[in-house]
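Residues per chain are reported as follows:
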Amino acid sequence: MSLVFYTNPLSRGRIVRWMLEETGAPYETRFVRYGEEMNSPDFAAINPMRKVPALVHNGRVVTECGAICLYLADVFPEAGLAPPLADRASYYRWMMFAAGPWEQANINAALGVQVTPEQSRMAGYGTFERALDVLLSLVPDTGYMLGGKFSALDVYAGSHIDWAIQFGSIPATPKIATYLDRIQSRPAARRALELDEAAAAEYGPPA
Ligand SMILES: N[C@@H](CCC(=O)N[C@@H](CS)C(=O)NCC(=O)O)C(=O)O
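Anyway, here's the lowdown on the structure attached to this text. (Residues numbered from 1 in each chain as written. Predicted model: local features only at pLDDT ≥ 70, side-chain atom pairs only at ≥ 80, totals over all residues. Heavy atoms only, no water.)

## Quick notes on the overall build of the chain
Selection criterion: Working definition: helices are DSSP H or I runs of at least four residues, strands are E runs of at least two. Numbering for both runs from the N terminus. Only C-alpha atoms enter the radius of gyration; for comparison, a globular chain is expected to reach 2.2 Å times N to the power 0.38, where N is the number of residues. Only protein chains enter the calculation, and the probe is 1.4 Å; a residue is then buried if its accessible area is under 20% of its type maximum, exposed if over 50%, and partly exposed in between.
Regarding its fold elements, the chain presents 9 helices and 4 strands. When the elements of the chain are put in sequence order from the N terminus, they spell out β-α-β-α-β-β-α-α-α-α-α-α-α. In terms of overall size, the chain behaves like a compact globule, its C-alpha atoms giving a radius of gyration of 17 Å where 207 residues would be expected to give roughly 17 Å. Taking the principal axes of its C-alpha atoms as reference, the chain extends roughly 45 × 35 × 30 Å. Here the chain holds 207 residues, and the buried ones make up 47% of them.

Here is the structure:
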């Protein structure tokens, strides 16, 4: 079994690192520096978008954080990170919501892109406010986004919520902070953070 993780420690790759640590599977990390290395023909052959993260599993490439999380949950079922097949409606629904509408809403807000009411009909996320309301409706008072069991949705959508707080897009209410603490205090989440923090100075973005 070969599992190679291409990432930069200061990137969305942190989501995938956490997910990899949750699976417990052994993997090799190859750090990719921003700029020349990420735009090199070698890396473009893996991800023509020239972005991290990317995963190569037994020669097969998976890119896009959300897709990688779904993929890892399926490839390592013993880790119990995906609900049973018959019970995946909310799982798929909210993974895709976080990867599509929410991500676009958040990035546009961060870039200062405002959509008019007419344009919001065409924008997949409608308005930032509505997308945010929906995202935050996933935060549970107790347990996890899908109920009593932690899943890849907590890794992925939980990371989006954490990043939105860090970027100043949303406030950290006590309920959100309690939920984030619940998921981020997991041993796998802590290990993942330590690994990326340790590599950040050497491989982080150029000054
Ligand atoms: N939609 C992609 C986004 C990946 C992405 O934008 N990665 C950034 C780092 S967080 C990147 O590699 N940027 C380098 C560049 O564009 O030069 C995903 O979810 O994986």
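The structure having been displayed, the exposition proceeds.
## Concerning the site of the ligand
Under the convention used in this document: Near is defined per residue: the residue qualifies when any heavy atom it owns lies within 4 Å of the molecule or strand. In protein, a polar contact requires one atom able to donate a hydrogen and another able to accept it; more generally it is a pair of N or O atoms within 3.5 Å, and residues adjacent in sequence count only if both atoms are side-chain atoms. Amino acids outside the nonpolar list (Ala, Val, Leu, Ile, Met, Phe, Trp, Tyr, Cys, Pro) and the charged list (Asp, Glu, Lys, Arg) are all regarded as polar, and Gly is one of them.
Ser 11, Arg 12, Tyr 34, Met 38, Lys 51, Val 52, Pro 53, Glu 64 and Cys 65 make up every residue found near the ligand. Contacts to the ligand include Arg 12, whose side-chain N or O atom sits 3.0 Å from an oxygen atom. Here Cys 65 contributes a backbone N or O atom positioned 3.0 Å from an oxygen atom of the ligand. Partitioning the shell around the ligand into residue classes produces 5 nonpolar, 1 polar and 3 charged.

## Here we look at the side chain of Asn 47
The condition is simple: In this description, contact between two residues means that some pair of their heavy atoms is separated by no more than 4.5 Å.
Note that Asn 47 resides in the loop between helix 2 (41–46) and strand 3 (54–57). Within the structure, the side chain of Asn 47 is placed 2.8 Å from the backbone oxygen of Lys 51, a separation counted as a polar contact. Setting aside residues no more than four positions away along its own chain, Asn 47 makes contact with Pro 53 and Thr 63.

## Observations regarding helix 4 (residues 89–110)
Think of an α-helix as 3.6 residues a turn; residues three or four steps apart then line up on the same face. Stated formally: The length a helix should cover is 1.5 Å for every residue beyond the first. Note on bend: the value at a residue is the angle between axes fitted to the seven residues ending there and to the seven starting there.
Taking 1.5 Å per residue as the helical rise, helix 4 with its 22 residues ought to reach 32 Å, and the 30 Å between its terminal C-alpha atoms agrees with that figure. Roughly 35 degrees is the biggest bend found in helix 4, and it falls at Phe 97, with proline Pro 101 one to four residues downstream. What helix 4 keeps buried is the set Tyr 91, Trp 94, Met 95, Phe 97, Ala 98, Trp 102, Glu 103, Ala 105, Asn 106 and Asn 108. Buried positions along helix 4 lie against helix 3 (65–75), helix 6 (128–137) and helix 7 (152–166).

## Side note on unusual backbone geometry
Look at the link from Val 52 to Pro 53: it is a cis peptide, with omega at 5 degrees. For Pro 53, the location among the structural elements is in the loop between helix 2 and strand 3. The backbone of Arg 50 shows a phi angle near 55 degrees, a positive value even though the residue is not glycine. Looking at the secondary structure, you find Arg 50 in the loop between helix 2 and strand 3. At Asn 58, a position not held by glycine, the phi torsion is positive, near 45 degrees. Looking at where Asn 58 falls in the secondary structure, it is placed in the loop between strand 3 and strand 4 (60–63). On the accessibility criterion, Asn 58 (44% relative accessible area) is partly exposed.

## Topic: the sheet that holds strand 2 (residues 28–31)
We apply this condition: For two strands to count as paired, DSSP must find a minimum of two bridges between them. Only the stretch in contact is used when fitting a helix axis, every axis being a line fitted to C-alpha atoms; angles between N-to-C directions are given from 0 to 180 degrees.
Spatially, 4 strands are ordered 2-1-3-4 in an open sheet, and the strand pairing comes out mixed. Edge positions in the sheet fall to strand 2 and strand 4, since each has one partner strand and no second. Taken pair by pair, the neighbouring strands of this sheet meet at an average axis angle of 20 degrees, ignoring direction. Sheet topology note: the strand 1 (residues 3–7)/strand 2 ladder contains 4 bridges and is parallel. Across the sheet, the residue bridging to Phe 5 is Thr 29, located in strand 2.

## What about the pattern of salt bridges?
Rules: Salt bridge, as used here: a side-chain nitrogen of Lys or Arg that lies within 4 Å of a carboxyl oxygen of Asp or Glu.
Applying the stated rule across the entire model yields 10 salt bridges. Residue Arg 33 is joined to Glu 202 by a salt bridge in which the shortest nitrogen-to-oxygen separation is 3.9 Å. Of this pair, Arg 33 sits in the loop between strand 2 and helix 2 while Glu 202 sits in helix 9 (residues 187–203); the two residues are 169 residues apart in sequence, bridging distant segments of the chain. For Arg 33, a relative accessible area of 34% translates into the label partly exposed. Since its relative accessible area comes to 52%, Glu 202 is described here as exposed. When salt bridges with common partners are traced through the structure, they connect Arg 33, Glu 37 and Glu 202 into a single cluster.

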